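Examination of the molecular architecture
Each chain, written out:
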Amino acid sequence: MRVGGARATLAGMPFELAPLGFAYDALAPTIDELTMRTHHRRHHAAHIAELNAALSGTGWEDEPVDAILTGLERLPVDRRAAVRHHGGGHANHVLYWQTMTPRGGGAPHGAIADAIRVGFGSFDALRQQVMSAATGVFGSGWVWLVHDGSGLAVLATADQDSPRILGATPLLGIDLWEHAYYLKFRHRRCDYLEAFWNVVDWDVVSDRYSSTDAGTARTA
Ligand code: MN
């Protein structure tokens, strides 16, 4: 279980659920208030509690989650599956919330816009690749825009796997678990995927891209 207060500092800081940068109802009508609240306060919070429990006593408690996800093979073997699932679940949801804004949508801009043109030809082509990749996920998972070390790519992961496990840097991620869309969109995952672009914060995505080796190399 998580420990709190001053003792947390002594024993290593457990991961905590950060508040969203906007109200739960701020993304409506794209994503409804109850979906956002439940998703954040229940689903994401559960990953954090389970991640803290799985890391307890391993010596990895103070490491950044990205370092944990790229170092899974160095964790005790009996903790790896839980850390992979809940560490991925925590990191993926942090990125998901930060990618969304009530003032989002529109065409990509900034450094990411040029990279999308180079990598995919157009924003429409990117959207088609995202839809196609998501359609290939038959259970729960995520679809991603990543930088794979050589350029932009679209990929899907199952369950809560992070693209970092594959050596890729996630720039934008769309949660394909039903809890992300089911209350409003029911079984219509494609409608959710189309609507998601209305809330994407391209400033954040572009900043993430610029922080990758490729992004900084372009401006160096
Ligand atoms: Mn989720």
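For the structure, see preceding data.
Below or above, wherever it landed, is the structure these notes cover. (Residues numbered from 1 in each chain as written. Predicted model: local features only at pLDDT ≥ 70, side-chain atom pairs only at ≥ 80, totals over all residues. Heavy atoms only, no water.)

1. Quick notes on the sheet that holds strand β3 (residues 169-175)
A sheet is described by the order of its strands in space; here three strands give the open sequence β2-β1-β3, paired in antiparallel fashion. Single-partner strands in this sheet number two, and they are β2 (152-158) and β3. In this sheet, adjacent strand axes meet at a mean angle of 25° when their direction is disregarded. Looking at chain direction, strand β1 (residues 141-147) and β3 are connected through six bridges and run antiparallel. The partner of Leu145 across the bridge, within β3, is Leu172. Running over the sheet, helix α9 (residues 202-211) touches β1, β2 and β3 and is turned about 150° from β3. (Pairing = 2+ DSSP bridges. Helix = DSSP H or I, 4+ residues; strand = E, 2+ residues; numbered from the N terminus. Axes fitted to C-alpha atoms, helices over the stretch in contact; angles between N-to-C directions. Contact = heavy atoms within 4.5 Å.)

2. Describing the packing of aromatic side chains
Scanning all chains against the criterion turns up ten aromatic pairs. Seen from their ring centres, Tyr96 and Trp142 are 5.6 Å apart, and the 90° between their planes marks the pair as edge-to-face. With Tyr96 in helix α4 (residues 80-99) and Trp142 in strand β1, this pair connects stretches of sequence that are 46 residues apart. Looking at Tyr96, the relative accessible area reads 0%, which means it is buried. Among the residues examined, Trp142 registers a relative accessible area of 0% and is labelled buried. Arranged with centres 5.2 Å apart and planes meeting at 15°, the rings of Trp142 and Trp144 form a pair that is stacked. Among the aromatic side chains, those forming a connected cluster through ring pairs are Tyr96, Trp97, Trp142, Trp144, Tyr181, Phe185, Tyr192 and Phe196. One Lys or Arg, Arg127, reaches over the ring of Phe123 and ends 5.1 Å from the middle of that ring. Its end group placed over the ring of Phe185, Lys184 keeps NZ or CZ at 5.4 Å from the ring centre. (Phe/Tyr/Trp six-rings, centres within 6.5 Å; stacked < 30°, edge-to-face > 60°. Buried < 20%, exposed > 50% of the residue type's maximum accessible area, 1.4 Å probe, protein only. Lys NZ or Arg CZ within 6 Å of the ring centre and 35° of its normal.)

3. Examining the coordination of the manganese ion
The protein atoms that coordinate the manganese ion are His39 (NE2), His93 (NE2), Asp175 (OD) and His179 (NE2), at distances spanning 2.0 to 2.1 Å. All donors of the manganese ion belong to a single chain; written as a sequence motif, their spacing is H-x53-H-x81-D-x3-H. Note that His39 is positioned in helix α2 (residues 33-55) and Asp175 in strand β3, a separation of 136 residues in sequence. For the pair His39 and Asp175, a shared accessibility class is recorded, and that class is buried. (Donors = N, O, S within 2.8 Å, 3.2 Å for Na, K, Ca; no water.)

4. Some thoughts on the layout of surface pockets
Picture a little ball the size of a water molecule; that probe, rolled over the atoms, points out where space is still empty. Computed from the structure, the largest pocket encloses a volume of approximately 340 Å³. If you trace the largest pocket, you find 23 residues lining it, with Gly21, Phe22, Trp97, Gln98 and Met100 closest to the centre. Elements that contribute at least two residues to the lining of the largest pocket include exactly α4 and α9. With four residues, the top contributor of residues to the lining of the largest pocket is α4. When grouped by side-chain class, the residues that make up the lining of the largest pocket number eleven nonpolar, eight polar and four charged. Looking at the lining of the largest pocket, you find at least three residues from each of domain 1 (14-19 + 31-99) and domain 2 (111-219). (1 Å grid on protein atoms, 1.4 Å probe; cavity = no way out; pocket = protein on both sides within 12 Å on 5 of 7 lines; lining within 4 Å. Points joined across faces, edges and corners; volume = space filled by probe spheres on them. Nonpolar A, V, L, I, M, F, W, Y, C, P; charged D, E, K, R; others polar. Domains from an automatic or database assignment.)

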